[in-house]
Amino acid sequence: MAAIKALNSRAEVARAQAALAVNISAARGLQDVLRTNLGPKGTMKMLVSGAGDIKLTKDGNVLLHEMQIQHPTASLIAKVATAQDDVIGDGTTSNVLIIGELLKQADLYISEGLHPRIIAEGFEAAKIKALEVLEQVKVKKEMKREMLLAVARTSLRTKVHADLADVLTEAVVDSVLTIRRPGYPIDLFMVEIMEMKHKSETDTKLIRGLILDHGARHPDMKKRVEDAFILICNVSLEYEKTEVSSGFFYKTAEDKEKLVKAERKFIEDRVQKIIDLKDKVCAQSNKGFVVINQKGIDPFSLDALARHGIVALRRAKRRNMERLSLACGGMAVNSLEDLNVDCLGHAGLVYEYMLGEEKFTFIEDCVNPRSVTLLVKGPNKHTLTQIKDAIRDGLRAVKNAIEDGCVVPGAGAVEVAIAAALVRYKHSVKGRALLGVQAFADALLIIPKVLAQNSGYDLQETLVKVQAEHSESRQLVGIDLNSGEPMVAADAGVWDNYCVKKQLLHSCKLKKISASELSEFCQWLRRKYWGEWWRLFYEMLCYRLLMTRTNIKDSELKSDLEDLDSEYEDLALFILPMFSLLCIHKNDR
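Nothing here was measured: the structure is a model prediction, and the numbers come from that model. Sequence order as written defines the numbering, with residues in each chain counted from 1. pLDDT decides what is reported in this predicted model: residues at 70 or higher carry local features, side-chain atom pairs at 80 or more are listed and counted, and totals for whole chains, interfaces and linings draw on all residues regardless. Water and hydrogen atoms were dropped before computing side-chain values, which therefore reflect all heavy atoms in the structure.

Some details on the overall build of the protein chain
Okay, so step 1: Along the protein chain, the regular secondary structure elements total 22 helices and 18 strands.
Okay, so step 2: Across the 589 residues in the protein chain, those meeting the buried criterion constitute 49%.
Okay, so step 3: Summed over its atoms, the accessible surface of the protein chain is roughly 29,900 Å², and 51% of this surface lies on carbon and sulfur atoms. Runs of H or I in DSSP of at least four residues are treated as helices and runs of E of at least two as strands, each being numbered from the N terminus. The classification of residues rests on relative accessible area computed with a 1.4 Å probe and restricted to protein chains. Under 20% of the type maximum is buried, over 50% is exposed, and intermediate values are partly exposed. Areas reported here follow the Shrake-Rupley algorithm with a probe of radius 1.4 Å; residue values treat only the protein chains shown as occluding.

Pasting the structure below:
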């Protein structure tokens, strides 16, 4: 303790029971914030930024990222929970709830004299047994579309209301199945999420192709093309300056005219190659021809292409160019020298859509696309943000189900089954560590309790019914949130990801042990350390201005700084180089 106090005499130090009380208070506070979010009947939270931006969400990951968490223990819990979302894509709220409840249960035994190390040993034994039970209750099934719809629906209904979740479910599952390739990992970056502030959120749909956020630049070009060939290129079709400094000298006006014609002919030859290819592939049919170029197309080239019935889009974004070849087929060309039919892709429909002053180009009905677009519609910005967050979680849920090859029943059924197994298992644990196993089992029941409470039912009565039904039927029984009665989750089609539950048991165990075993808690008085920031700023500025007018050296300035309060000394010496850069020195005048 003497060493810690020597660092800063004004530090706050909490030891033994006080340190544990601080940790439990932080975990319970974070749990109280997030517990109303859990489940389909959970409530929304409205987050308002300093600029007045509104965000409506009940996604635990979004809340933890947006909240300003100052307490170190609460911040650590938030990082553990958000790390699970980064790795798995779900389970953030459940993670926080279980961690808070584990610390609460541990506090009950520690207050009676049980050492935290004994609790930790019981937690470790309970975790191992819980993972064994999880392996037993998981259901291996062939991940067909119906099963994936059930998994996605279970995930999305916890993020948005039921009507919107049903719309998003099919779009999310179909998008993942479209980009899925046997023998290759699923790349969710091939699902682009495009937002459009228009109509209602239930108009969100899947586009089996691509949406570009710009349109054609010539008024005579067609606004709708069916059965179209797609040429994807990265070729300049406009006059460009040379990359090196160069000049051209001419003696007469005729020489200048020849130079201009030669430059123009260079571009016209490129345009003519595109026109010749179009005439070759579309001569015997009424198929359309669309050119999408990453570089520019000048007005003369646009006019020539329009006369031949070619729709041309210029300055497409690079990310769209990469997706175009995956969605439409063909390949992107960087030169028109070897242009042939094999370079072309195909789309069933290409049309331009105007929303206010913005133009969008839809490329739809592609054959076997490996990249698709989810078009998110909504009346306002915060609705679009909420839907995008829900879609990301839904995509991860479908991907996890496919990669795991198995699922587990939801609606709190897994937690009830694991808790019951731990109660039977604790009798085989020797010593006082069985109290830790009991605490673990009681903590897992926070999930069905909160699900019932958020649905408006009495949590004790509902939990007793579910536990009684589970013990009698030996089936995985969850809570029917519409009636409050027990139900067989598998028959109701409520499925959760196996990897989410597994990661949940691993991550919450590590955090609860570290928090319960913490014996000392030392916190720097940041409010005092930073509270006089502007006074320090003023003093430092005065010192530096004084140094520019006299011959005071840095060593003399540092000795003067020692007269400041000791709590500001390190900060002042840290800021000193920054003020050296901002102020004018006498020698630089």
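Examining the packing of helix H8 (residues 162-179) against helix H12 (residues 381-404)
Okay, so step 1: Here the axes come from fitting lines to C-alpha atoms, over the contacting stretch only for helices, and the angles between their N-to-C directions go from 0 to 180 degrees. Contact geometry of H8 with H12 gives a least axis separation of 9 Å together with a crossing angle of 50°. Comparing their axes, H12 and H8 come out oblique. You can see that H8 and H12 cross each other, and the crossing is right-handed. Taking contact as the criterion, the partners of Leu164, Leu168, Val172, Val173, Ser175 and Val176 in H8 are, on H12, Ile387, Ile391, Gly394, Leu395, Val398 and Ile402.
Okay, so step 2: Residue composition of the contact of H8 with H12, by class: 10 nonpolar, two polar and no charged. We call two directions roughly parallel when the angle between them is under 35 degrees, roughly antiparallel when it is over 145, roughly perpendicular when it lies between 65 and 115, and oblique otherwise. The crossing is said to be left-handed when, going from far helix to near helix, the turn is anticlockwise and less than a right angle, and right-handed when the turn is clockwise. Contacts are assigned to residue pairs that have any heavy atoms within 4.5 Å of one another. Put simply, Ala, Val, Leu, Ile, Met, Phe, Trp, Tyr, Cys and Pro go in the nonpolar bin, Asp, Glu, Lys and Arg in the charged bin, and everything else, Gly too, in the polar bin.

Thoughts on the sheet that holds strand S13 (residues 372-378)
Okay, so step 1: If you trace the three strands from one edge of the open sheet to the other, you get S5-S13-S6, paired in mixed fashion. In this open sheet, the two strands that pair with only one neighbour each are strand S5 (191-197) and strand S6 (205-207). Going across the sheet, the axis of each strand differs from the next one's by a mean of 30°, ignoring polarity.
Okay, so step 2: When DSSP finds two or more bridges between a pair of strands, those strands are recorded as paired. Summarising the sheet, S5 and S13 pair through seven bridges and their orientation is parallel. When the bridges of S13 are listed, lysine 197 appears paired with glycine 378.

Observations regarding the pattern of salt bridges
Note on pairing: side chains with opposite charge can pair once their charged atoms come close.
Okay, so step 1: Any Lys or Arg side-chain nitrogen located within 4 Å of an Asp or Glu carboxyl oxygen qualifies as a salt bridge. One pass over the structure, following the stated rule, counts 25 salt bridges.
Okay, so step 2: For lysine 399, the salt bridge goes to glutamate 403, with nearest N and O atoms at 4.0 Å. Highlighted residues: lysine 399 and glutamate 403, both in helix H12, separated by four residues, approximately one helical turn.
Okay, so step 3: When salt bridges that share partners are traced, they join Asp90, Lys159 and Asp393 into one network.

Describing the layout of surface pockets
Okay, so step 1: The volume enclosed by the largest pocket comes to roughly 910 Å³.
Okay, so step 2: Grid points spaced at 1 Å and placed over the protein atoms alone form the basis of the search, with a cavity being a set where a 1.4 Å probe fits but cannot get out and a pocket an open set showing protein on both sides within 12 Å along at least five of seven lines. Lining residues have an atom within 4 Å of a point. Lining the largest pocket are 46 residues; nearest its centre among them are Gly39, Pro40, Thr154, Thr158 and Val494.
Okay, so step 3: Only helix H5 (92-110), helix H7 (145-156), H12, helix H15 (446-454), strand S17 (495-497) and helix H18 (498-516) provide two or more residues apiece to the lining of the largest pocket.
Okay, so step 4: Per element, the largest residue contribution to the lining of the largest pocket is five residues, and it comes from H7. Grid points are joined across faces, edges and corners, and a volume is the space filled by probe spheres set on the points.

Describing the sheet that holds strand S14 (residues 406-409)
Okay, so step 1: Spatial strand order, S4-S14-S17: three strands in an open sheet with antiparallel pairing. Where the open sheet ends on each side, the last strands, each with one partner, are strand S4 (139-140) and S17.
Okay, so step 2: Judged from the three bridges that link them, S14 and S17 form a sheet pairing that is antiparallel. By the bridge assignment for S17, proline 409 is matched with tryptophan 495.
Okay, so step 3: Against the sheet, H7 engages S14 and S17, with an angle of about 80° to S17.

Section: the side chain of lysine 159
Okay, so step 1: Mapped onto the elements of the fold, lysine 159 is located in the loop between H7 and H8.
Okay, so step 2: The class for lysine 159 is buried, based on a relative accessible area of 9%.
Okay, so step 3: Between N or O atoms, a polar contact is any pair within 3.5 Å; within protein, one atom must be a potential hydrogen donor and the other a potential acceptor, and residues adjacent in sequence are included only when both atoms are from side chains. Side chain to side chain, lysine 159 and threonine 158 meet in a polar contact 3.0 Å long.
Okay, so step 4: If sequence neighbours within four positions are ignored, lysine 159 has contacts with Met44, Lys58, Asp59, Asp90, Gln386, Ala390 and Asp393.

Notes on H7
Okay, so step 1: In a regular helix each residue adds 1.5 Å, so 12 residues correspond to 16 Å; H7 covers 16 Å between its end C-alpha atoms and thus fits that length.
Okay, so step 2: Summarising burial for H7: nine of the 12 residues are buried, a large majority.
Okay, so step 3: For H7, the complete set of buried residues consists of Met147, Leu148, Leu149, Ala150, Val151, Ala152, Thr154, Ser155 and Leu156.
Okay, so step 4: Tucked inside the fold, the buried residues of H7 contact H8, H12, S14 and S17. The span one expects for a helix is its residue count, reduced by one, times 1.5 Å.

Section: the nonpolar core
Okay, so step 1: For the purposes of this section, nonpolar cores are sets of buried Ala, Val, Leu, Ile, Met, Phe, Trp, Tyr and Cys residues that join through side-chain atoms within 4.5 Å. By size, the foremost hydrophobic cluster in this structure holds 65 residues, and its most contacted members are Ile418, Leu422, Phe440 and Leu505.
Okay, so step 2: It is helix H6 (residues 116-137) that provides the largest number of residues to this core, a total of 10 residues.
Okay, so step 3: Excluding residues within four positions of it along the chain, leucine 505 makes contact with Lys127, Ala130, Leu131, Leu134, Ile418, Phe440 and Leu444.
Okay, so step 4: With 47 residues, the next largest nonpolar core counts Leu231, Ile274, Ile292 and Cys328 among its residues.

Description of the packing of H5 against H15
Okay, so step 1: At a minimum axis distance of 10 Å, the contact between H5 and H15 shows a crossing angle of 115°. Our pair here, H5 against H15, has a crossing hand that is right-handed. Along its contact with H5, which presents Ser94, Leu97, Ile98 and Glu101, the element H15 presents Ile446, Ile447 and Val450.
Okay, so step 2: The class makeup of the residues in the contact of H5 with H15 is five nonpolar, one polar and one charged.

Comments concerning the packing of aromatic side chains
Okay, so step 1: The aromatic pairing rule takes the rings of Phe, Tyr and Trp, using the six-membered ring of Trp, and pairs them if the centres are within 6.5 Å, calling planes under 30 degrees apart stacked, those over 60 edge-to-face and the rest tilted. Applying the stated criterion across every chain, the model contains three aromatic pairs.
Okay, so step 2: Considering the side-chain rings of tyrosine 351 and phenylalanine 362, the 5.0 Å spacing of their centres and the 5° angle between planes classify their relative orientation as stacked. With tyrosine 351 in strand S11 (residues 345-355) and phenylalanine 362 in strand S12 (residues 358-364), this pair connects stretches of sequence that are 11 residues apart.
Okay, so step 3: Tyrosine 351 gets classed as buried once you look at its relative accessible area, which sits at 17%.
Okay, so step 4: A centroid spacing of 6.1 Å and a plane angle of 80° characterise the contact between tyrosine 353 and phenylalanine 362, whose relative ring orientation is edge-to-face.
Okay, so step 5: Judged by relative accessible area, phenylalanine 362 falls into the buried class, the value being 3%.
Okay, so step 6: Taken together through their ring pairs, the aromatic side chains of Tyr351, Tyr353 and Phe362 make up a single cluster.
Okay, so step 7: When the NZ atom of lysine or the CZ atom of arginine is within 6 Å of a ring's centre and also within 35 degrees of its normal, the charge is said to sit over that ring. Over the aromatic face of tyrosine 498 sits the side chain of lysine 138, whose NZ or CZ is 4.8 Å from the ring centroid.

Thoughts on the environment of glutamate 268
Okay, so step 1: Within the secondary structure, glutamate 268 sits in helix H9 (residues 253-282).
Okay, so step 2: C-alpha separation for the pair glutamate 268 and glutamate 238, spaced 30 residues apart in sequence, amounts to 9.3 Å.

Comments concerning unusual backbone geometry
Okay, so step 1: With a phi close to 50°, arginine 315 is a non-glycine residue in the positive phi region.
Okay, so step 2: Among the structural elements, arginine 315 can be located in the loop between strand S10 (310-313) and helix H11 (318-328).
Okay, so step 3: Residue class for arginine 315 comes out partly exposed when judged on its relative accessible area of 49%.
Okay, so step 4: At alanine 411, a position not held by glycine, the phi torsion is positive, near 60°.
Okay, so step 5: With respect to the helices and strands, the residue alanine 411 is situated in the loop between S14 and helix H13 (413-425).
Okay, so step 6: With a relative accessible area of 14%, alanine 411 lands in the buried category.

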